[in-house]
Amino acid sequence: MSVNFAGKLRLGVNIDHVATVRNARGGEYPDPVRAAKLAEEAGADGITAHLREDRRHITDPDIDRLMDVLDVPLNFEMAATEEMQTIALRHKPHAVCIVPEKREEKTTEGGLEVAREENRLAHFIAPIRDAGCRVSLFVASEQRQIEAAARIGANIVELHAGPYCDLFSEGKFDESQGELERLREMSAYAHSLGLEVHAGHGFTYETVQPVAAFPEVLELNIGHFLIGEAIFRGLTPAIHEMRRLMNEARA
Ligand code: PXP
């Protein structure tokens, strides 16, 4: 399969942490749906929102409203549970990204164990795919996970960029380059198996460019850093700068 070097790299903006701030006080402000519309106007190609089992940030009414008002695709992140499958089938968002979820974690820590849970996940994603949603699996940069994702008929793998980004931000530059190399190899490998390749988790202005330059990667999903940066420069300029860096790396 040839690589589409000219393919536009999409930016998916994750608005979960606008809801984190809202929920710290209860009430309605700041509204993640308003942030999603602003992100859309600022050039986001999609919006990502993670409805967690404990509803610690995004809530069910947020998903209802996002489905109503968005003009760009919604990437609905969720765990592989029956409750979430029912919600996904009710809304039929453009994409459903399956992530592992542990109640006590601060954020999604690892990738999905597709290889070990191949059978269960194959049955789990089938109705979602049949309903017309693109099914994305959030996985570590490991050959066996990617092969299992392809075998069970996922459309997309989102590669976990956390190990690379975290090592970089901890100042462990050499180790981060090892993780970056794994991301590079596994992007090419997933693409060769016919999977669409996305990457996400932990990107900042400093870490985004090397991954944005991989021709097989079609989408980056970025949240926490952008919402943090919005405090200092506003959401629109924060997104514009990320977009500029992505375009520069792609060129
Ligand atoms: N992609 C996936 C699958 C995620 O779970 C997350 C975090 O919710 C992100 C992307 C965005 O990561 P971050 O908020 O660190 O940019």
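Preceding this paragraph is the structure being described.
Summary of the structure given here. (Residues numbered from 1 in each chain as written. Predicted model: local features only at pLDDT ≥ 70, side-chain atom pairs only at ≥ 80, totals over all residues. Heavy atoms only, no water.)

### Overview of the state of the cysteines
So, step 1. Here the structure, examined in full by the defined rule, presents zero disulfides.
So, step 2. Residue Cys 133 stays outside any disulfide, its sulfur separated by 12 Å from that of Cys 97, the closest cysteine.
So, step 3. For Cys 133, a relative accessible area of 4% translates into the label buried.
So, step 4. With no disulfide partner, Cys 165 has as its closest neighbouring cysteine sulfur the one in Cys 97, 16 Å distant. (Disulfide = S-S within 2.5 Å. Buried < 20%, exposed > 50% of the residue type's maximum accessible area, 1.4 Å probe, protein only.)

### Digging into the pattern of salt bridges
So, step 1. Scanning the entire structure with this criterion turns up 24 salt bridges.
So, step 2. Here Asp 60 and Arg 55 are joined by a salt bridge, their closest N and O atoms 2.6 Å apart.
So, step 3. The partly exposed category is assigned to Asp 60, whose relative accessible area is 25%.
So, step 4. The closest approach of N and O atoms between Glu 83 and Arg 55, which form a salt bridge, is 2.7 Å. Here Arg 55 lies in the loop between strand S2 (46-50) and helix H3 (60-69) and Glu 83 lies in helix H4 (residues 82-91), a separation of 28 residues in the sequence.
So, step 5. Owing to a relative accessible area of 37%, Glu 83 belongs among the partly exposed residues under this scheme.
So, step 6. Sharing partners across several salt bridges, the network here consists of Arg 10, Arg 134, Glu 196 and Glu 219. (Salt bridge = Lys/Arg side-chain N within 4 Å of Asp/Glu carboxyl O. Helix = DSSP H or I, 4+ residues; strand = E, 2+ residues; numbered from the N terminus.)

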